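Residue strings, one per chain:
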Amino acid sequence: RITQLEAKLLGVRQIAEAQDILCAQHGISKEEAYRVIREQAMQKRITAEEIAKSIIHANEILGLRRQPA
């Protein structure tokens, strides 16, 4: 049970980080960023957490710095 809660918390943190990246890169609101993440997850039939991980990973690969919110 603790492992599941830790995994869920990590997912929430990753979604928040991905939202921050999208906000900084595209000048959109956190709500819009979350909508984009959810929409992509539904289209690809994967979890929002997986989309968030992909956004974070792409941001790291491209060497882009996260800007403070």
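Placed above this text is the structure.
Within every chain, residues take consecutive numbers counted from 1 along the sequence as written. Local features in this predicted model are restricted to residues of pLDDT 70 or higher, and side-chain atom pairs are both shown and tallied only at a pLDDT of 80 or more, whereas totals for entire chains, interfaces and linings draw on every residue. The side-chain figures draw on all heavy atoms in the structure; neither hydrogens nor water molecules are used.

So, about the environment of Ile51. By the criteria applied, helices consist of DSSP H or I runs no shorter than four residues and strands consist of E runs no shorter than two, each listed in order from the N terminus. In this fold, Ile51 is placed in helix α3 (residues 48–61). Relative accessibility decides the category of a residue: with a 1.4 Å probe and only protein chains considered, values under 20% of the type maximum give buried, values over 50% give exposed, and everything between is partly exposed. Under the relative-accessibility criterion, Ile51 is labelled buried at 8%. In the structure, Ile51 is positioned 37 residues away from Gln14 in sequence and 9.3 Å away in space, judged by C-alpha atoms. Excluding residues within four positions of it along the chain, Ile51 makes contact with Ile37, Gln40, Ala41, Lys44 and Ile46. Contacts are assigned to residue pairs with any non-hydrogen atoms lying within 4.5 Å of each other.

Glancing now at the pattern of salt bridges. Any Lys or Arg side-chain nitrogen located within 4 Å of an Asp or Glu carboxyl oxygen qualifies as a salt bridge. Counting across every chain of the model gives four salt bridges. Put simply, Lys30 and Asp20 hold a salt bridge, and the shortest N to O gap is 2.7 Å. Taken together, the residues Lys30 in helix α2 (residues 30–44) and Asp20 in helix α1 (residues 2–26) connect sequence positions ten residues apart. By relative accessible area, which is 36% here, Lys30 ends up partly exposed. The salt bridge partner of Glu39 is Arg35, with a shortest N-O separation of 2.7 Å. Here Glu39 pairs with Arg35, and both are found in helix α2, just four residues apart, close to one helical turn. Shared partners join several salt bridges into a network, and the residues in it are Glu32, Arg35 and Glu39.

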